[in-house]
Structure formats: C-alpha cells, structure tokens
Amino acid sequence: MRTRSIGSVLPRTATRVALGLALLAVPATALATTAGQADHPAPATAHAARAATGLDDPAKKEIAMQLVSSAENSSLNWKAQYKYIEDIGDGRGYTGGIIGFCSGTHDMLELVELYTQRKPGNVLAKYLPALRKVDGSDSHEGLDPNYTKDWKKAAQDPEFQKAQNDERDRVYFNPAVKQGKADGIGVLGQFAYYDAIVMHGDGSDPTSFSSIRKRALAKAEPPARGGDEKTYLNAFLDARVWAMKQEEAHSDTSRVDTAQRVFLQKGNVDLHTPLDWKVYGDSYHIG
C-alpha cells in the first residue's frame, strides 16, 4: 500500500520542487544542514562515538530501504520497485520508482535528466520536454500512452537503477542522515528523519521535514545539545504523527506507531536485528 495519496497536495509539491531546485544548485558534499543546526553547532566530542555507526552503514541502509518499502509498497523487496509506476490520483501525476519520484513534484524530472546525462538517447529521454511541461501539475500531457511502458523498460537498465539510487540518496537519504548525525541521534533516529523526508519532503511548509524537526525541538533537546535521545525521538515522532494527520491520505500513522515507536520503546536505537513491526496491520520481520 503506497501512502502518497489523496490529500492537501500543493504545499508538499511546492516544498519538494524547492528542495530539488536547491539541491541541483549545490554539490551534495557542500549541503548545509538546517538553520537550527547552524545556530547551535554540535559539540565536537559529546556525541561523536554515539553516532559512529550511522544509517549509511551498508547493512543499516539495507534495513532502511526494507522498512520504507514495507510502508510504501507493502513489501520488503524494495529493488522490485524500480519498475513501479502509476498515477495514484493524488494530484502529483505519475509516481514511480524506489522512492516514489513524481512527475508533478520535480524529482522525477531530475531523475530522467540525470539518466539522460549519463546515457543519452535512452528510452525516457524523449519525454524530457513533456516532463518539464507537466512539472508542478498532475497532467499526463505528452507522456501518455507509452510513458509507463517505457519506464518499465528503462527499469531493466542498471544505469537507470543506479540513477534512481543516486537521486534517492542525494535528495532524501543523505540530507536526512547528515542532519541526524549532526543532532547526535543514532540509526533509528536517522531512519525516522529519512522516513519523514520521504513522505513529506522538505521546505517551509508546516508538515515538511524541517518543520517537523522544529516542532520536536520546541519540546525536547537532541543529544547534540545535551538532551536525552529517547525523549527527543519521542518528541520527533509526536511531531511526525501530527504532520501525518494533517493529510487524509497519511492519517494512518502505523508506520510510526507500530514500527518506529515500537523500536524506540524497546530501546533499539541502533536498529539491531531481529526486527519485527507492523504497517497497516501487516506484519514484517528482518532476521
């Protein structure tokens, strides 16, 4: 069951577009974290050991991909989603790939641009003019009737798969992990950040990732500022649940309540296996 569904579309669309444009202009290695971090620089040593193993550890990253896929696709097989594409009627046009790139929210356009830069003349390159035209809308103009068929064909190409991986990391995964490490939170906290930015995007909208984090900071301090990790993460998850309930399509908060919150209550802040959780009533296990 994918959760990018019907609700208040325009604010999230705008923030995802803004994020994508901003990231295009700045190298990934030079990305700044949020203003909150800049105003409160992290101590050099206080949480260095705590954050030594991050979500970007290959084994932990694989767990993260499976956790997100359980919520987005009702499957742990996230690599099967390269070929996924459909219009789910949420006002964001086509949704496709491993992280739900959308034709209406700029990130699908960036993905196809990257793929074409690396492999000119690919099967999706001819759709670039149409993708630029429909960006910011739910229109299929210039994409139908063969875009979905060609997307699935492209998904068999390792170069397109790599482009999906790289854009997922650049726009969503790396910023979330970087901010999590700066806040001194462990693997679970970094995953909570990642899952939030995947669903809500980032920007100034009240339900964006940055706004969720600011809402949490108003209630608790992260470890980088001397706070208790569990207390802070509970505050972040509370803020995340609030944000989800602002959009009807996200009102089922089980990906927090019966997954992330369960791990936190058990004290499993580093996502050690085995992991057992539920999303939308379905049970999952990683041994």
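Definitions and limits used
- Residues numbered from 1 in each chain as written.
- Predicted model: local features only at pLDDT ≥ 70, side-chain atom pairs only at ≥ 80, totals over all residues.
- Heavy atoms only, no water.
- Helix = DSSP H or I, 4+ residues; strand = E, 2+ residues; numbered from the N terminus.
- Polar contact = N/O pair within 3.5 Å; in protein donor to acceptor, adjacent residues only side chain to side chain.
- Pairing = 2+ DSSP bridges.
- Salt bridge = Lys/Arg side-chain N within 4 Å of Asp/Glu carboxyl O.
- Buried < 20%, exposed > 50% of the residue type's maximum accessible area, 1.4 Å probe, protein only.
- Axes fitted to C-alpha atoms, helices over the stretch in contact; angles between N-to-C directions.
- Parallel < 35°, antiparallel > 145°, perpendicular 65-115°, else oblique.
- Left-handed = near helix turned anticlockwise from the far one by under 90°.
- Contact = heavy atoms within 4.5 Å.
- Nonpolar A, V, L, I, M, F, W, Y, C, P; charged D, E, K, R; others polar.

**Q** Explanation requested: the side chain of His 200 in the structure shown.
**A** Within the secondary structure layout, His 200 lies in helix H8 (residues 187-200). A polar contact of 3.0 Å, which involves the side chain of His 200, links it to the side chain of Arg 240.

**Q** Can you walk me through the sheet that holds strand S3 (residues 101-102) in this structure?
**A** Backbone hydrogen bonds hold the strands of a sheet together, and the pairing may be parallel or antiparallel. Read from one edge to the other, the open sheet built from three strands follows the order S1-S2-S3, with strand pairing classed as antiparallel. Only two strands of the sheet have a single neighbouring strand rather than two, namely strand S1 (85-87) and S3. Alignment of strand S2 (residues 94-96) against S3, held across two bridges, turns out to be antiparallel. Note on S3: the bridge partner recorded for Gly 96 is Phe 101.

**Q** For this particular structure, what's the right way to read the pattern of salt bridges?
**A** Per the stated rule, a full pass over the model turns up 19 salt bridges. The partner of Glu 141 in a salt bridge is Lys 133, with the nearest N and O atoms 3.1 Å apart. The exposure class assigned to Glu 141 is partly exposed, which follows from its relative accessible area of 47%. Residue classification places Lys 133 among the exposed positions, given a relative accessible area of 59%. In this structure, Asp 195 and Arg 255 form a salt bridge, with 2.7 Å as the shortest nitrogen-oxygen distance. Placement of the pair is Asp 195 in helix H8 and Arg 255 in helix H11 (residues 254-265), with a sequence separation of 60 residues. Just as Asp 195 is buried, Arg 255 falls in that class too.

**Q** Looking at this structure, how should I read the packing of helix H9 (residues 209-217) against helix H10 (residues 229-244)?
**A** Helix-helix packing is characterised by the crossing angle of the two axes and by the distance between the axes. The interhelical angle for the contact between H9 and H10, taken along N-to-C directions, is 130°, at an axis separation of 8 Å. Classed by the angle they form, the pair H9 and H10 counts as oblique. Here H9 runs over H10; the crossing is right-handed. Contact residues: H9 offers Phe 209, Ile 212, Arg 213, Arg 215, Ala 216 and Leu 217, while H10 offers Tyr 232, Ala 235, Phe 236, Ala 239, Arg 240, Trp 242 and Ala 243. Among the residues making up the contact of H9 with H10, the classes are represented as 10 nonpolar, no polar and three charged.

Honestly, that's just the spatial picture; any functional story needs more than this.
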